[in-house]
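Observations on chain architecture
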Amino acid sequence: MKQLPFLGKKTKPAKIRKDLWAPLACIKFPEGRGEIGTGVFRLLRELKHLSEVSWDKDLIYKMPSEYTDHEKERLKKNPDAPRPQRTLEQRARAICHQKAQIIANMAAILAGEGAGNRMWTTQLGVSMNQHIKAQTLAELKVKQLRKKIFRKLRGKANILAHEEDQVSMMNIFNDKKHDASKHWAKEMVEARMGLVQNPVMQLCPVTISWADEQDKQYAVKWSPNVKHDVLSDLDRSEVQGRSPDQGEDANSEVQPEEQPKVEMRAESA
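Let me begin by describing the structure that accompanies this report. Just so you know, these numbers come straight off a predicted model, no measurement behind them. (Residues numbered from 1 in each chain as written. Predicted model: local features only at pLDDT ≥ 70, side-chain atom pairs only at ≥ 80, totals over all residues. Heavy atoms only, no water.)

**Some remarks on the packing of aromatic side chains**
Note the cut-off: Classification of ring pairs rests on two measures: the distance between centres of Phe, Tyr or Trp rings, Trp counted by its six-membered ring, which must be within 6.5 Å, and the angle between planes, read as stacked under 30 degrees, edge-to-face over 60 and tilted in between. Each helix is a run of H or I in the DSSP string that is no shorter than four residues. Each strand is a run of E no shorter than two, and both are numbered from the N terminus. Throughout, exposure labels follow a simple rule: accessible area from a 1.4 Å probe, protein chains only, divided by the maximum for the residue type, with under 20% read as buried, over 50% as exposed, and the rest as partly exposed.
Counting across every chain of the model gives 1 aromatic pair. Ring plane angle 75° and centroid distance 5.9 Å describe the contact between W210 and W222, whose orientation is recorded as edge-to-face. Of this pair, W210 sits in strand 4 (residues 206-210) while W222 is found in the loop between strand 4 and strand 5 (226-230), placing the two residues 12 residues apart along the sequence. W222 carries the same exposure label as W210, and that label is buried.

**Section: the sheet that holds strand 5**
The criterion, for reference: Strand pairing is assigned whenever DSSP identifies at least 2 bridges connecting the two strands. Angles run from 0 to 180 degrees between N-to-C directions of axes, and those axes are lines fitted to C-alpha atoms, restricted for helices to the stretch in contact. Whether two residues touch is decided by their heavy atoms; if any such pair falls within 4.5 Å, the residues are in contact.
Pairing is mixed in the open sheet, where 3 strands are placed in the order 1-4-5. The open sheet has two free edges, formed respectively by strand 1 (25-28) and strand 5, since each of these has just one partner strand. Recorded for the sheet is a direction-independent mean angle of 20° between the axes of neighbouring strands. Summarising the sheet, strand 4 and strand 5 pair through 5 bridges and their orientation is parallel. Each residue of the ladder has a partner; that of T207, found in strand 5, is K227. Across the face of the sheet, helix 4 (residues 99-110) comes into contact with strand 1, strand 4 and strand 5 while running at roughly 165° to strand 4.

**Some words on the packing of helix 1 (residues 34-53) against helix 4**
Note the following rule: Here is the rule for angles: anything less than 35 degrees is roughly parallel, anything more than 145 is roughly antiparallel, 65 through 115 is roughly perpendicular, and the remaining ranges are oblique. Working rule for handedness: look at the near helix, and if it is turned counterclockwise from the far one by less than a right angle, call the crossing left-handed; if clockwise, right-handed.
Where helix 1 meets helix 4, the axes come as close as 10 Å, and the angle between the chain directions of the two elements is 140°. In terms of orientation, helix 1 and helix 4 fall into the oblique class. In the crossing of helix 1 with helix 4, the sense of the turn from one axis to the other is right-handed. Facing V40, L43, L44 and L47 of helix 1, the residues of helix 4 in contact are I102, N105, M106, I109 and L110.

Right under this line is the structure:
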């Protein structure tokens, strides 16, 4: 309820009625990319608040479809007459009617527009900073492994050089416990395979499930990373906050007057 603004008398309901409120759409992001969904929600919330407090002055005036017969006749006689204005109640309803604006905002944000938008990710599915960090750590691992191999081989060479007994020196050289070249070669290959390539930015793929698929036409265009689907019963139940097995009767509250009657029937039975 805190998200609903007060724009005038009787513009903010006392509670959310399920017979008047219904889900518009459900935006799904890839698994493990919750930070992108949080960023998109934040941008949508900011744009919604901006349209509530910084609306255009043309909203004061009526649209031609809202003109009454008297106003149409007056404008027909005098085209230069002032435009008919909306009442406070009509103006509040016009501000609250943000369905088309919200869908247009969704299309813009999912296309990566706006400062602080997290929709842009690298080929690893992470942000630019996370990609650079992973790339730096992979390169550092290769450098550290090279130094470690160099120290190991240098220590083995010192042992062979200072050994007095030629037979013992040959035994050390042929001993598999001391000859770990294959092991270090495998470690180096794995470290090099873990190197991260330079980042290539791309939009995160998302899927929008619509309660009414025709609502997507409010946006001028959608970016290629957005796929559209119809809101299923399972998704609709999750959005409305109930299990799929529960129907409308399960969500309806039991009236306090009916509850004693049920108890009395149970006792009489």
